[in-house]
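Architecture and fold: a report
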Amino acid sequence: MSSNTFFVVLVLGVALAAARDLRAKRRVTTDYHDYSKMCEAQPDKFICVDCKTMVQCVKGQAFTRHCIEDHYCSMKPEFGGGVCYPDEPKACKCEKANSFRVDPYDPQKFFSCKNLVTPPVNYKCPDGMVFDEASAQCQTGNGLPQCTRAGTFANPANCSVYYSCIGLQNGWLQKSFQCNSGLMYNKEKGACEDPCLYQFVCKQEGRYPDLLNQQNYFECYMLGGKLRQLRYSCPEGYRWDEISVGVGQCVEDHDQNASKGAFFGCDIPDGFCPGT
């Protein structure tokens, strides 16, 4: 065999080997292993995994297709499952400017809508969290705030619910608890308690601190021969500082770790306590 013939054979061999490697790489689905798990239960289906991603399951293997602009993954019976379809479904499109929407297929994902013309921008919450449209924030799956430090805390959205955070090697263990009816979690005492026990009642005119929340204060005044009271709040980052009985002012709250009151941050509706 001449040297030229040997070189041609060598080049062809290398090319065939490269082609085999390329075909093998196209079949590999390790980049989409989470989707492959979905295909185990639906071995030959077309699945929408989020608004912009369709997965074709072939004998349990996942092959991913990303929908082009103005196309979204839509479940359509006439196509036998998911398909990248123009301008559908509505749940994947922007309907209101300057808003956020949760992905209808994956609550961990969401998208922002700057306006109704430009394409939405896609985002993903951290692992273990889902997007809540009402608050426009990522939250834990049970609606509780994300754990950032160890301890027991009241749920600010509903202080009759409290939760503990226990640090693990790779994250947090979070457990939730429920107070009995009419009780809320007192962070200072670490127990459920009736917040009405701390309810302020005016006895004379002036401005007085709110024992439930140090950011608030009461104004007591006479009207029609009766003592009336109204509750006000200091600006964010400030607290009420009592100078003397009935006199005080809002001051900067420099110690953010200090106690802000037994039920600070809790929403206690007007009329919750008898006689208010």
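Above this text is the structure in question.
Let me begin by describing the structure that accompanies this report. (Residues numbered from 1 in each chain as written. Predicted model: local features only at pLDDT ≥ 70, side-chain atom pairs only at ≥ 80, totals over all residues. Heavy atoms only, no water.)

**Observations regarding the overall build of the chain**
- Assigned secondary structure in the chain consists of 2 helices and 20 strands.
- For the chain, the residues scored as buried account for 31% of the 276 residues in total.
- Long-range pairs, those at least 24 residues apart, make up 30% of the contacts in the chain with a sequence separation of at least 6.
- Surface summary for the chain: the accessible area is close to 17,900 Å², and the carbon and sulfur share equals 53%. (Helix = DSSP H or I, 4+ residues; strand = E, 2+ residues; numbered from the N terminus. Buried < 20%, exposed > 50% of the residue type's maximum accessible area, 1.4 Å probe, protein only. Contact = heavy atoms within 4.5 Å. Areas by Shrake-Rupley, 256 points an atom, 1.4 Å probe, with all protein chains shown as cover.)

**Focus: the state of the cysteines**
- What the rule picks out here adds up to 10 disulfides.
- With a sulfur-sulfur separation of 2.0 Å, Cys147 is cross-linked through a disulfide to Cys165. As the torsion about the S-S bond is roughly -75°, the Cys147-Cys165 disulfide counts as left-handed. Separated by 18 residues along the polypeptide, Cys147 in the loop between strand E10 (137-140) and strand E11 (151-154) and Cys165 in strand E12 (residues 161-168) bring together distant segments of the chain. For the pair shown, Cys147 and Cys165 are each scored as buried.
- Between Cys179 and Cys192 runs a disulfide, and the two sulfur atoms are separated by 2.0 Å. Judged by the sign of its S-S torsion, about -75°, the bond between Cys179 and Cys192 is left-handed. Remark: Cys192 occurs in strand E15 (residues 191-193) and Cys179 occurs in the loop between strand E13 (171-178) and strand E14 (184-186); sequence separation between them is 13 residues. (Disulfide = S-S within 2.5 Å.)

**Section: the sheet that holds E11**
- On the basis of which strands lie adjacent, the open sheet formed by 3 strands has the order E11-E12-E13 and antiparallel pairing. The sheet is open, and its two borders are formed by E11 and E13, each paired with just one other strand. Ignoring which end each strand starts from, the neighbouring axes of this sheet average 25° apart. (Pairing = 2+ DSSP bridges. Axes fitted to C-alpha atoms, helices over the stretch in contact; angles between N-to-C directions.)

**Considerations on the pairing of E10**
- Here strand E9 (residues 129-132) pairs with E10 via 4 bridges, running antiparallel. Bridge pairing links Val130 to Gln139 in E10.
- As consecutive antiparallel partners, E9 and E10 are separated by 4 residues, and within that stretch Ala136 has a phi angle of approximately 55°, a positive value.

**Describing the sheet that holds strand E8 (residues 121-124)**
- The antiparallel open sheet is built from 3 strands, whose spatial order is E6-E7-E8. Of all strands in the sheet, those bounded by a partner on one side alone are strand E6 (99-102) and E8. Across this sheet, the average inter-strand angle for adjacent strands is 30°, counted without regard to direction.
- Of the strand pairs in this sheet, E6 and strand E7 (residues 109-113) are connected by 4 bridges, and their pairing is antiparallel. Its bridge partner being in E7, Arg101 is matched across the sheet by Phe111.

**Comments concerning the nonpolar core**
- Core analysis: the biggest nonpolar cluster contains 12 residues, these being Ala154, Cys159, Tyr162, Cys179, Met184, Tyr185, Tyr198, Leu212, Ala262, Phe263, Cys266 and Ile268.
- Cys266 has contacts with Pro156 and Cys159, leaving out every residue within four places of it along the chain.
- Core analysis: the second largest hydrophobic core is formed by 7 residues, Tyr35, Cys39, Val55 and Ala62 among them. (Core = buried A, V, L, I, M, F, W, Y, C linked by side-chain atoms within 4.5 Å.)

**Some points on the side chain of Ser112**
- With respect to the element layout, Ser112 can be found in strand E7.
- Judged by relative accessible area, Ser112 falls into the buried class, the value being 13%.

**With respect to the pattern of salt bridges**
- Considering all chains together, one arrives at 8 salt bridges under this definition.
- Linking Glu219 and Arg207 is a salt bridge whose minimum nitrogen-to-oxygen distance equals 2.8 Å. Within this pair, whereas Glu219 is found in strand E17 (residues 216-223), its partner Arg207 is found in strand E16 (residues 206-209), the two being separated by 12 residues in sequence.
- Several salt bridges converge on common partners, so that one network encompasses Arg239, Asp241 and Asp253. (Salt bridge = Lys/Arg side-chain N within 4 Å of Asp/Glu carboxyl O.)

**Quick word on the packing of aromatic side chains**
- Summed over all chains, the structure comprises 12 aromatic pairs.
- Note on Phe100 and Phe131: the rings are 6.2 Å apart at their centroids and 50° apart in plane angle, and the pair reads as tilted. Pair noted here: Phe100 is in strand E6 and Phe131 is in strand E9, with a separation of 31 residues, a long-range link.
- An aromatic cluster is defined as three or more aromatic residues linked by ring pairs; in this entry it consists of Phe100, Phe110, Tyr123 and Phe131.
- One Lys or Arg, Lys52, reaches over the ring of Tyr72 and ends 4.8 Å from the middle of that ring.
- A cation over an aromatic ring shows up here: Lys76 above the ring of Tyr85, its NZ or CZ 4.4 Å from the ring centre. (Phe/Tyr/Trp six-rings, centres within 6.5 Å; stacked < 30°, edge-to-face > 60°. Lys NZ or Arg CZ within 6 Å of the ring centre and 35° of its normal.)

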